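Descriptive analysis of the structure
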Amino acid sequence: MNHFAQGTEAAAGDDPARQLLDAVRTSGPTALAELLGDQGFLLVELATQPSGLFSPAPGSSSQYSDVLRRLHEQRAAMDALEMRCIVALADAFREEDRATADADAAQEPDAVEALEETERRAERAAIRDVSMRTRRSPALAGRTLSSARRLVESMPVMLRAVAKGQLSEGAARSTAASVAALTPARREQVDALLGDRLAPLDGCGTEQWRGEVAAAIAESDPEGEARRHAHARQGRSVSVRRGEHGMAVVSARLPAMDAMKIRKRLSLEAERLRASGDRRGHQQIQADSFVASLLGLEDGIDRTDLDLGVIITDRALLNPGCGDLAQIEGYGPITAEAVRAEVEDGLRALTHGAEESLGTDTAAAKLALRRLYTHPTTGELVAVESIGRVFPKALARFIRWRDMTCRGPFCNAPIRHADHIKPHAAGGHTCLDNGQGLCAFCNDKEEQTAAVEREPDSSGHRVTWTSRTGATRETGPVALTSPQVEAATVDRTADPAAEPATSPTSAPASASATSPAAERAHGHAADQGHDQADDGDPPHVTDPPGQHDVPHGDDPHGVDEQLPRDST
């Protein structure tokens with residue numbers, strides 16, 4: 001029994017559960033953590049070592065149905081508890097940071113930090129802690145905190161419905177996101193209206209619930225529709241998610257009219273082609289027309305050439321059966337077969353000199369082949385170094401290729417900055433070993449965490465993140481190739497610090513000059529034609545020495561809206 005519950009045994013006629021409940025409330029969050037720990041231990045043991053617990057017997061279906069019902073009830077209560085806990089955690093960080101700022105101000109009155117800056121730092125620290133504790137990306141953790149705060153502070157009926165299993169956690173967060181543009185008073189009105197409709201909507205689907213939420217919002221604030229639409233339009237975005245077997249999902253958040261026009265346009269084109277004898281499916285034609293229209297392959301739109309880095313091993317290029325995956329910059333791993341055709345077309349043109357006869361419109365003119373080397377035991381790209389504070393373009397690009405996506409724990413956002421793991425102001429070197437690719441949010445790591453440190457004794461480039469409450473997570477780059485037993489010979493005169501390397505990998509991209517120092521360190525690095533923000537160079541090169549690599553003026557949450565959106 002937990003120490004907080006000792007002595008709470010009920011007297012005759014008293015409810016033991018009520019006694020325990022009162023004890024937890026009196027003892028505080030530590031008691032709740034202990035109670036949940038004991039319960040979690042039992043549930044984990046039952047889930048991993050059930051023995052005969054889940055061996056169905058005739059007539060046991062109702063029993064398992066009861067278990068499922070109880071599990072749903074418990075999960076619902078846990079969801080509501082998590083929302084309250086996340087908000088309390090953020091408030092605790094705020095109070096602690098305010099106390100620290102007040103203490104600093106007492107010592108140095110001229111160095112008083114603005115209240116807004118204190119609040120911002122506390123909020124970002126809370127988001128980081130939620131991300132690391134719950135294995136959510138920082139973007140999702142930020143949205144979860146915002147939704148939870150609205151539910152806890154302004155929507156008690158919806159929060160109670162979540163706790164009782166009347167409303168799913170996803171639907172509640174979606175509702176909280178929908179009322180983001182409303183004032184707290186209006187949110188309370190929407191909360192009451194939806195509460196009155198819970199019973200008749202008990203079996204409704206997601207789309208029907210969204211419609212009821214929209215109706216409740218319109219009823220509570222009919223004059224604010226134009227303002228809400230203008231607010232919602234600010235969230236226009238396009239995202240790409242990795243699919244299976246070399247496919248991807250492109251999503252666009254658009255005004256409803258524009259979205260419906262696009263759908264109608266694609267549908268009509270599919271119907272026209274089907275009527276003329278096209279044997280492709282309706283959805284296939286829509287997808288092909290979508291690609292052709294955007295890439296300028298029809299309707300008189302000029303052809304659009306895109307600069308895209310692809311990393312593929314020589315083995316995969318020449319022998320598709322070897323099993324090596326290719327890597328697309330900003331996307332991640334993909335089957336080599338999905339990119340071989342485009343790469344081979346360009347190589348064939350180079351081999352036969354087609355670029356000379358066809359001019360600049362040939363694939364060869366758009367393909368540059370560079371050599372990259374991987375570590376024999378980890379499969380990671382290997383090192384170069386610079387003496388400057390800001391990572392040079394070639395080195396920043398090399399970091400982006402090595403890390404592929406943001407190296408923050410559970411973060412899937414595109415890389416926006418080449419970051420010093422040990423800050424430059426603290427003596428950190430501008431080198432591959434001390435560099436990692438981060439999004440704009442995670443680049444503020446010094447303000448969010450207790451420590452972010454390179455693991456010098458680990459195999460490969462491992463970085464340990466420690467939150468302010470002690471949660472630790474270790475991150476590393478994606479291995480671009482499978483570890484090899486025999487290491488290929490490397491010219492040590494080029495870079496004495498370089499690691500042994502395997503066979504070179506090839507990265508087709510737009511041709512450009514690469515610095516001699518970078519080429520000595522890692523063969524030929526493909527030079528991309530991206531703008532500064534996309535090639536990993538921090539856009540704040542005019543910062544005075546000593547500042548960490550934090551982008552100025554960035555929305556702490558908006559930068560990661562390219563991540564796959566949840567129901568909010």
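Residues numbered from 1 in each chain as written. Predicted model: local features only at pLDDT ≥ 70, side-chain atom pairs only at ≥ 80, totals over all residues. Heavy atoms only, no water.

**Overview of the overall build of the protein chain**
- A count of helical and extended segments in the protein chain gives 18 helices and 14 strands.
- Counting only residues that meet the buried cut, the protein chain has 39% of its 568 residues in that class.
- Taking all contacts inside the protein chain whose residues are at least 6 apart in sequence as the whole, residues at least 24 apart take part in 62%.
- Carbon and sulfur atoms make up 54% of the accessible area of the protein chain, which totals about 30,600 Å². (Helix = DSSP H or I, 4+ residues; strand = E, 2+ residues; numbered from the N terminus. Buried < 20%, exposed > 50% of the residue type's maximum accessible area, 1.4 Å probe, protein only. Contact = heavy atoms within 4.5 Å. Areas by Shrake-Rupley, 256 points an atom, 1.4 Å probe, with all protein chains shown as cover.)

**A short note on the pattern of salt bridges**
- Tallied over the full model, the rule gives 31 salt bridges.
- Across the pair Glu474 and Arg462 runs a salt bridge, and its minimum N-O distance is 3.1 Å. Of this pair, Glu474 sits in strand β13 (residues 472-475) while Arg462 sits in the loop between β11 (449-454) and β12 (463-467), placing them 12 residues apart in sequence.
- When its relative accessible area of 45% is taken as the criterion, Glu474 is described as partly exposed. (Salt bridge = Lys/Arg side-chain N within 4 Å of Asp/Glu carboxyl O.)

**Examining the packing of helix α11 (residues 256-275) against helix α12 (residues 282-294)**
- As a packed pair, α11 and α12 sit with axes 8 Å apart at the nearest point and diverge in direction by 120°. Here α12 runs oblique to α11, going by the angle between their axes. Seen from above, α11 lies across α12 with right-handed handedness. Of the residues in α12, those in contact with Arg263, Leu266, Ser267, Glu269, Ala270, Glu271, Leu273 and Arg274 of α11 are His282, Ile285, Gln286, Ser289 and Phe290.
- Split by residue class, the contact of α11 with α12 holds five nonpolar, four polar and four charged. (Axes fitted to C-alpha atoms, helices over the stretch in contact; angles between N-to-C directions. Parallel < 35°, antiparallel > 145°, perpendicular 65-115°, else oblique. Left-handed = near helix turned anticlockwise from the far one by under 90°. Nonpolar A, V, L, I, M, F, W, Y, C, P; charged D, E, K, R; others polar.)

**A few points about the nonpolar core**
- Among the nonpolar cores identified, the biggest contains 25 residues, and Met83, Leu151, Met158, Leu167, Val190, Leu194 and Trp209 are the most heavily contacted of them.
- When contributions to this core are tallied by element, the ones reaching two or more residues are α3 (61-107), α5 (138-154), α6 (156-163), α7 (169-178), α8 (184-197) and α9 (206-220).
- Once residues within four sequence positions are removed from consideration, Val190 is found in contact with Val179, Leu182, Ala216, Ile217 and Ser220. (Core = buried A, V, L, I, M, F, W, Y, C linked by side-chain atoms within 4.5 Å.)

**Observations regarding the sheet that holds β11**
- An order of β11-β12-β13 is seen for the three strands of this open sheet, with the pairing classed as antiparallel. Both outer strands of the open sheet, β11 and β13, are each paired with one neighbouring strand and no more. Strand after strand, the sheet turns through a mean of 15° between neighbouring axes, direction not considered.
- Of the strand pairs in this sheet, β11 and β12 are connected by five bridges, and their pairing is antiparallel. Its bridge partner being in β12, Ala451 is matched across the sheet by Thr466.
- On top of the sheet, helix α4 (residues 115-134) reaches β11, β12 and β13; it is set at about 115° to β12, its chief contact. (Pairing = 2+ DSSP bridges.)

**Description of the packing of α5 against α7**
- Close contact between α5 and α7 brings their axes to 9 Å; oriented N to C, the two are set at 80°. Judged by the inter-axis angle, α5 sits roughly perpendicular to α7. Packed against α5, whose contacting residues are Leu140, Thr144, Ser147, Arg150 and Leu151, the element α7 presents Ala172, Arg173, Ala176 and Ala177 at the interface.
- Residues that form the contact of α5 with α7 fall into these classes: five nonpolar, two polar and two charged.

**A short note on the pairing of strand β1 (residues 237-242)**
- Here β1 runs beside strand β2 (residues 248-253); their pairing, made up of six bridges, is antiparallel. What sits directly across from Ser239, in β2, is Ser251.
- Taken together, β1 and the strand that follows it, β2, pair antiparallel across an intervening segment of five residues, in which His245 is found at a positive phi of about 60°.

**Notes on α3**
- For α3, with 47 residues, the first-to-last C-alpha span of 68 Å sits near the 69 Å given by 1.5 Å per residue.
- When α3 is considered as a whole, its buried residues turn out to be Ala76, Asp79, Ala80, Met83, Ile86, Val87, Ala90, Phe93, Arg94, Asp97, Ala101 and Ala105. (Expected span 1.5 Å × (residues − 1).)

**Quick word on α8**
- Relative to the 20 Å expected for 14 residues at 1.5 Å per residue, α8 spans 20 Å between its end C-alpha atoms, a close match to the ideal helical length.
- Buried within α8 are the following residues: Arg187, Val190, Asp191, Leu193, Leu194 and Arg197.
- At its buried positions, α8 is contacted by α5, α6, α7 and α9.

**Looking at the state of the cysteines**
- Tallied over the full model, the rule gives zero disulfides.
- Sulfur of Cys411: no disulfide; nearest cysteine sulfur belongs to Cys406 and is 3.7 Å away. (Disulfide = S-S within 2.5 Å.)

**Some thoughts on the confidence of the model for the protein chain**
- Across the protein chain, the average pLDDT comes to 76, with 69% of residues at or above 70.
- Ranking the elements of the protein chain by mean pLDDT puts helix α18 (residues 516-522) last with 36 and α6 first with 96.
- Low pLDDT (under 50) marks residues 299-304, which in the prediction has 11 contacts with non-local residues, meaning those over four places away or in another chain. (pLDDT = per-residue confidence, 0-100.)

**Examining the packing of aromatic side chains**
- Throughout the structure, instances matching the rule amount to one aromatic pair.
- Between the aromatic rings of Phe54 and Tyr64, the centroid separation amounts to 6.1 Å while the plane-to-plane angle is 20°, which identifies the pairing as stacked. Residue Phe54 is located in the loop between α2 (29-48) and α3, and its partner Tyr64 is located in helix α3; the two are separated by 10 residues in the primary sequence.
- For Tyr64, a relative accessible area of 25% translates into the label partly exposed. (Phe/Tyr/Trp six-rings, centres within 6.5 Å; stacked < 30°, edge-to-face > 60°.)

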